[in-house]
Amino acid sequence: MSINKIAYFNILHKAEQKNALLVAVSKTKTISDIKELYDLGHRDFGENYVQELVEKQRQLPEDIRWHFIGHLQTNKVKLIVPFIHLIHSVDSLKLLLEINRQAKNSNKEINVLLQIFIAKEETKFGLDERELKEIMEQYSKNSIEHAHITGLMGMSSFTDNLQVVQKEFDLLKSIYDKYAQFRILSMGMSNDYEIALERGSSMIRVGSLIFGGRA
Ligand SMILES: *Cc1c(COP(=O)(O)O)cnc(C)c1O
């Protein structure tokens, strides 16, 4: 397998036109695929599974910025804290507190995004607006000094209906805009990144268009 360079530069160009960051989602892809993109100058990579990420991180250059975008279990936090750049998928106070605790132990500060549920599908994780509000209240009250909530992440419904996707991204953007301290809005994947960029995304997570489909 080999990466699609034309697609990569095309997506990178569109992201840069909107001042957005492209995270290349490399889950299930090989070390040599990642190395190929790295050699083109790319540094931000996203992974979904802790074990896979830990193994890849060990084998690849130190200056890669690793983004964790999958569902994260509390007991796995300590495995990624030593090197993770941004965790996109915090969906509970318990997880946030564990990231803070492990970061403190490692003498680190970790940036995280809260994952918001905007899709129609039950299978997707995330907080609703009320839960977000509660976490933000706890965050401002407690001394959570080693985990920094820097923005939001969301995934749209899996549908060809563009209006549904637009509406979901607009909803996420409107929630994002309510919190002046947020700086990162992570939304948009292979099938909807262009809509996401139009609707105010500052970080897109694209895998299959760059690396090819996954089994
Ligand atoms: C797999 C995944 C992506 C990338 O999906 P593609 O459709 O391959 O671009 C983005 N975000 C999350 C949370 C994912 O799990």
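Residues numbered from 1 in each chain as written. Predicted model: local features only at pLDDT ≥ 70, side-chain atom pairs only at ≥ 80, totals over all residues. Heavy atoms only, no water.

Peer 1: Outline the overall build of the protein, supporting the account with residue identities and numerical values.
Peer 2: Assigned secondary structure in the protein consists of 9 helices and 8 strands. Relative to the 2.2 N^0.38 estimate, which gives 17 Å for 215 residues, the radius of gyration of the protein is 17 Å and therefore close to what a compact globule would have. The C-alpha extent of the protein, read off along each of the three principal axes, is 50 × 40 × 30 Å. In the protein, buried positions account for 50% of the 215 residues. Looking at the protein alone, contacts between residues at least 24 apart form 58% of all its contacts between residues at least 6 apart. Taken as a whole, the protein presents about 10800 Å² of accessible surface, with 49% of it coming from carbon and sulfur. (Helix = DSSP H or I, 4+ residues; strand = E, 2+ residues; numbered from the N terminus. Rg over C-alpha atoms; globule rule 2.2 N^0.38 Å. Buried < 20%, exposed > 50% of the residue type's maximum accessible area, 1.4 Å probe, protein only. Contact = heavy atoms within 4.5 Å. Areas by Shrake-Rupley, 256 points an atom, 1.4 Å probe, with all protein chains shown as cover.)

Peer 1: Quick one: what's the story with the site of the ligand, residue by residue and with numbers?
Peer 2: Taken together, the neighbourhood of the ligand is formed by Val25, Lys27, Asn48, Ile69, Met155, Met189, Ser190, Arg205, Val206, Gly207, Ser208 and Arg214. One nitrogen or oxygen atom from the side chain of Arg205 is found 2.9 Å from a nitrogen atom belonging to the ligand. Contact between the ligand and Ser208: an oxygen atom at 2.8 Å from a main-chain N or O atom of the residue. About the coverage of the ligand: the protein hides 92% of its 390 Å² of free accessible area. In terms of residue class, the shell around the ligand is built from 5 nonpolar, 4 polar and 3 charged. (Near = heavy atom within 4 Å. Polar contact = N/O pair within 3.5 Å; in protein donor to acceptor, adjacent residues only side chain to side chain. Nonpolar A, V, L, I, M, F, W, Y, C, P; charged D, E, K, R; others polar.)

Peer 1: Mind laying out the pattern of salt bridges, listing which residues take part and the relevant values?
Peer 2: Overall, the coordinates contain 13 salt bridges when judged by the stated rule. For Asp63, the salt bridge goes to Arg43, with nearest N and O atoms at 3.1 Å. Pair noted here: Asp63 is in the loop between helix H3 (50–59) and strand S3 (65–68) and Arg43 is in the loop between helix H2 (31–39) and strand S2 (44–47), with a separation of 20 residues, a long-range link. In this structure, Arg65 and Asp44 form a salt bridge, with 2.8 Å as the shortest nitrogen-oxygen distance. Remark: Asp44 occurs in strand S2 and Arg65 occurs in strand S3; sequence separation between them is 21 residues. The exposure class of Arg65 is partly exposed, given its relative accessible area of 34%. Residue Asp44 is classed as buried on the basis of its relative accessible area of 3%. (Salt bridge = Lys/Arg side-chain N within 4 Å of Asp/Glu carboxyl O.)

Peer 1: Tell me what's going on with the side chain of Arg205, and back it up with residues and numbers.
Peer 2: Within the secondary structure layout, Arg205 lies in strand S8 (residues 203–206). Look at Arg205: it is buried, it has no salt bridge, and the nearest opposite charge is Asp192 at 6.7 Å. (Lys, Arg positive; Asp, Glu negative; His and termini not counted.)

Peer 1: Account for the packing of aromatic side chains, with residues named and values stated.
Peer 2: Both the distance between ring centres and the angle between the ring planes are used here to describe each pair of aromatic rings. A full pass over the atoms with the stated rule returns 4 aromatic pairs. Chaining the aromatic ring pairs together yields one cluster made of Tyr176, Tyr179 and Phe182. (Phe/Tyr/Trp six-rings, centres within 6.5 Å; stacked < 30°, edge-to-face > 60°.)

Peer 1: Requested: an account of the pairing of S2, with residues and values cited.
Peer 2: Both faces of S2 are covered, namely the face carrying Asp44 and Gly46 and the face carrying Phe45 and Glu47. In this sheet, S2 lies alongside strand S1 (residues 21–25) in parallel orientation, the contact comprising 2 bridges. Opposite Val25, over in S2, you have Gly46 as the bridge partner. Remark: the S1/H2/S2 crossover connection has right-handed handedness. Where S2 and S3 come together, 4 bridges link them in parallel fashion. Note on S3: the bridge partner recorded for Asp44 is Arg65. For the crossover that starts at S2, traverses H3 and ends in the parallel S3, the hand is right-handed. (Pairing = 2+ DSSP bridges. Right-handed = clockwise from strand over helix to strand, strands pointing away.)

Peer 1: I'd love a proper account of the side chain of Gln102, names of residues and values included.
Peer 2: Within the fold, Gln102 resides in helix H5 (residues 93–105). Residues within four places of Gln102 in sequence aside, it is in contact with Val77, Lys78 and Val81.

Peer 1: An account of the environment of Ser156 is requested, with residue identities and associated values reported.
Peer 2: Along the chain, the position of Ser156 falls in the loop between strand S6 (147–155) and helix H7 (162–177). The exposure class of Ser156 is buried, given its relative accessible area of 6%. Note: C-alpha distance between Ser156 and Leu97 (59 residues apart in sequence) is 27 Å. Of the polar contacts made by the side chain of Ser156, one reaches the side chain of Asp192; its length is 2.6 Å.

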